[in-house]
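Working through the structure, step by step
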Amino acid sequence: MSHPAPNMEITHRLVFSTAGRIHLVEQGSGPLVLLVHGFPESWYSWRHQLPALAAAGYRAVALDVRGYGRSSKPQDVAAYRMLDLVADNVAVVHALGEQTAVIVGHDWGATIAANSALLRPDVFRAVGLLSVPYAPRGGPRPSEIFARMGGQEEFYVSYFQEPGRAEAEIEPDVRGWLAGFYAALSADTMPPADAPDPHFASPGATLRDRFPSGRLPAWLSEDDLDVYAAEFERTGMSGALNRYRNMDRDWEDLAGFDGAPITQPSLFIGGALDASTTWMADAIRAYPATLPGLVSSHLLDGCGHWIQQERRQEVNEILTGWLAGLPA
């Protein structure tokens, strides 16, 4: 039996950042590609991309965002502001002995990746966005926008605002809640279009009341679910949820970047059945102005939100093709 070359093995390490430490997983050698996960996930969300990028000649690094997994979890809610998450990504690049990197993010990670490219173009030479389109800072205060969504129902972002409230729903049964949340946003298990929208809660109800149950999406095995659940059972949910609790703070912090485009070479991949792409269709249409360096944009038919896991092969092919065409 042959063994992979040493640089193809997965390596776990902790590096220092302003949060304290950031846990990352590394595979391969070559130009650095930094992979940033979303909510409620971990570095493990990139398990299918790490070997594919390594095989294509890249140093693939997936991190646990602060508040998740083995990374530090500051107590202060304000420690999860976008400026600090960008600083973490810069710290990771430098801790790995590099000056520049390509950054790719999914869900909240896409927004973190976009802001990393926007704020530190000296470090991040290209940016790939999965599921959540780039929308420049602007408009009214985010909390005011979310409060108006849904009428009598409560949008999940608003639901997440009060510290402790969503934790009280999720933490008694982390595994069950995650299974329902992942299923609600997956193409093969999401509720039908005429069912109550799982992104909203009825007055006095919980989000979970609208999640499907009884079947995991095809991309998620029981063992995969165990990995995610074990991390959140150990860490709790506050670090992850605190990202949502900084949206108004980010809006204030980034006032100087109102309407700013990202000019580096960029990539977008979305799922055609994902609310993130349908709700933000205007943001995608605005790409000629907001992402003038856009190389390609892809909407995958029949795909939900967990795109790099639902469509691992297709996403890997798009990613490696895009990376191969970037300026050295």
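We now turn to the structure provided with this report.

Thresholds applied
- Residues numbered from 1 in each chain as written.
- Predicted model: local features only at pLDDT ≥ 70, side-chain atom pairs only at ≥ 80, totals over all residues.
- Heavy atoms only, no water.
- Helix = DSSP H or I, 4+ residues; strand = E, 2+ residues; numbered from the N terminus.
- Expected span 1.5 Å × (residues − 1).
- Buried < 20%, exposed > 50% of the residue type's maximum accessible area, 1.4 Å probe, protein only.
- Arc of directions from axis to C-beta.
- Contact = heavy atoms within 4.5 Å.
- Pairing = 2+ DSSP bridges.
- Axes fitted to C-alpha atoms, helices over the stretch in contact; angles between N-to-C directions.
- 1 Å grid on protein atoms, 1.4 Å probe; cavity = no way out; pocket = protein on both sides within 12 Å on 5 of 7 lines; lining within 4 Å.
- Points joined across faces, edges and corners; volume = space filled by probe spheres on them.
- Nonpolar A, V, L, I, M, F, W, Y, C, P; charged D, E, K, R; others polar.

Attention now moves to helix H8 (residues 222-235). Every α-helix carries 3.6 residues per turn, so stepping three or four residues along brings you back to the same face. Helix length check: H8, at 14 residues, gives a terminal C-alpha distance of 20 Å against a target of 20 Å (1.5 Å per residue), a fit within 8%. The set of residues buried in H8 consists of Asp 224, Leu 225, Tyr 228, Ala 229, Glu 231, Phe 232 and Thr 235. Along the long axis of H8, the arc covered by the buried residues comes to 155°, so they all point the same way. Exposed side of H8, more than 90 degrees from the buried face: Asp 223 and Glu 233 are the residues found there. Along its buried surface, H8 packs onto helix H7 (174-184), helix H9 (238-241) and helix H14 (307-310). Gly 236 sits one or two positions beyond H8 and adopts a positive phi of about 80°.

The terminal C-alpha atoms of helix H3 (residues 108-119) lie 16 Å apart, and with 12 residues this matches the ideal 16 Å at 1.5 Å per residue to within 8%. Buried residues dominate H3, accounting for 11 of its 12 residues.

Turning our attention to the sheet that holds strand E5 (residues 101-106). Pairing is mixed across the open sheet formed by 8 strands, whose spatial order is E1-E2-E4-E3-E5-E6-E9-E10. In this open sheet, the two strands that pair with only one neighbour each are strand E1 (11-17) and strand E10 (294-300). Each strand of the sheet is rotated relative to its neighbour by a mean of 20°, with strand direction disregarded. Across 4 bridges, the pairing between strand E3 (residues 32-36) and E5 is parallel. The residue bridging Leu 35 from the neighbouring strand is Val 104, located in E5.

Put simply, the largest pocket is a space of about 1,200 Å³. Taken together, 44 residues line the largest pocket, and the ones lying closest to its centre are Thr 111, Ala 135, Phe 146, Met 247 and Met 280. For the lining of the largest pocket, the elements supplying multiple residues, two or more each, are H3, helix H4 (142-148), helix H5 (156-159), helix H10 (247-253), helix H11 (275-279) and helix H12 (281-285). Element by element, the count of residues in the lining of the largest pocket is highest for H3, at 6 residues. Partitioned by chemical class, the residues of the lining of the largest pocket number 32 nonpolar, 6 polar and 6 charged.

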